[in-house]
Amino acid sequence: MRFAEILLRLGCNLVGWMIIYSHCIWLAVIPQIGCGPDGDEIFRLSLGFSPIAIGAALLLGLAHKLPTVVGYLKWLALPLILLVPLTVSPIFAALETTTFGSMGFCESIAASGWQRAWAPIQIVTLFIIVAASILFVAKRN
């Protein structure tokens, strides 16, 4: 294996973890953000960022051809143990109020289509991230 391929696989893995963590942190801080004039902006951002986070989760498997490096990178999955419960709380709150309750995120008006779809999309995104992380940690070479 060439040195450039090693760096590419390592870089893809590290960038994948950074994107996953930034997405989970954005979801975790949603309850701390007030509902001002642009209160639903973080919801739009995280909805647009979901495909990128899914792609980043799929990048984690590229490093498996480097078994010694994967042994060092497996510890990067540990912070997800703390972040996943923090991300689940706002997703289920939005699922209850917007998807099932048809209320907006910050207003008392009816939820629009993207607001109703936000929580199910985040659930799928989080499921793919958790599954890819478990596969990354559990795979043996």
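Shown above is the structure to which this text applies.
I will try to describe carefully the structure that is included in this document. (Residues numbered from 1 in each chain as written. Predicted model: local features only at pLDDT ≥ 70, side-chain atom pairs only at ≥ 80, totals over all residues. Heavy atoms only, no water.)

When you go through the protein chain residue by residue, the secondary structure sums to 5 helices and 0 strands. For the protein chain, the succession of helices and strands along the chain, N to C, is α-α-α-α-α. Taken along the three principal axes of its C-alpha coordinates, the protein chain extends 60 × 25 × 25 Å. Counting across all 141 residues of the protein chain, residues that qualify as buried make up 38%. (Helix = DSSP H or I, 4+ residues; strand = E, 2+ residues; numbered from the N terminus. Buried < 20%, exposed > 50% of the residue type's maximum accessible area, 1.4 Å probe, protein only.)

Put simply, helix α1 (residues 3–29) and helix α4 (residues 80–100) touch, their axes get as near as 8 Å, and they point 45 degrees apart. As far as their axial angle goes, α4 and α1 are oblique. Judged by the twist between their axes, the crossing of α1 over α4 is left-handed. Where α1 approaches α4, its residues Trp-17, Ile-20, Tyr-21, Cys-24, Ile-25, Leu-27 and Ala-28 are matched on the opposing element by Leu-80, Leu-83, Leu-86, Thr-87, Pro-90 and Ile-91. Here the contact of α1 with α4 is composed, by residue class, of 12 nonpolar, 1 polar and no charged. (Axes fitted to C-alpha atoms, helices over the stretch in contact; angles between N-to-C directions. Parallel < 35°, antiparallel > 145°, perpendicular 65-115°, else oblique. Left-handed = near helix turned anticlockwise from the far one by under 90°. Contact = heavy atoms within 4.5 Å. Nonpolar A, V, L, I, M, F, W, Y, C, P; charged D, E, K, R; others polar.)

Moving on: the packing of α1 against helix α5 (residues 113–138). Between two packed helices, the angle of one axis relative to the other and the distance separating the axes together describe the packing. At a minimum axis separation of 12 Å, α1 and α5 run at an interaxial angle of 140 degrees. As summarised for this structure, α1 and α5 are arranged oblique, according to the angle between their axes. Crossing of α1 over α5 shows left-handed handedness. In this structure, α1 contributes Asn-13, Trp-17, Ile-20, His-23, Cys-24 and Leu-27 to the contact, and α5 contributes Trp-118, Gln-122, Thr-125, Leu-126, Ile-129, Ser-133 and Phe-136. Looking at the contact of α1 with α5 residue by residue, the classes come out as 8 nonpolar, 5 polar and no charged.

This brings us to α5. Every α-helix carries 3.6 residues per turn, so stepping three or four residues along brings you back to the same face. If you check α5, its first and last C-alpha atoms are 38 Å apart, about what 26 residues at 1.5 Å a residue would give, namely 38 Å. Bending of α5 peaks at approximately 30 degrees at the position of Ala-119, with proline Pro-120 no more than four residues after it. The inward-facing, buried residues of α5 abut α1, α2 (41–59), α3 (67–73) and α4. (Expected span 1.5 Å × (residues − 1). Bend = angle between axes of the 7 residues up to and from the residue.)

Checked against the element boundaries, Gly-61 lands in the loop between α2 and α3. Judged by relative accessible area, which is 42%, Gly-61 ranks as partly exposed. Taking the C-alpha atoms as reference, Gly-61 lies 9.1 Å from Arg-9; in sequence the two are 52 residues apart.

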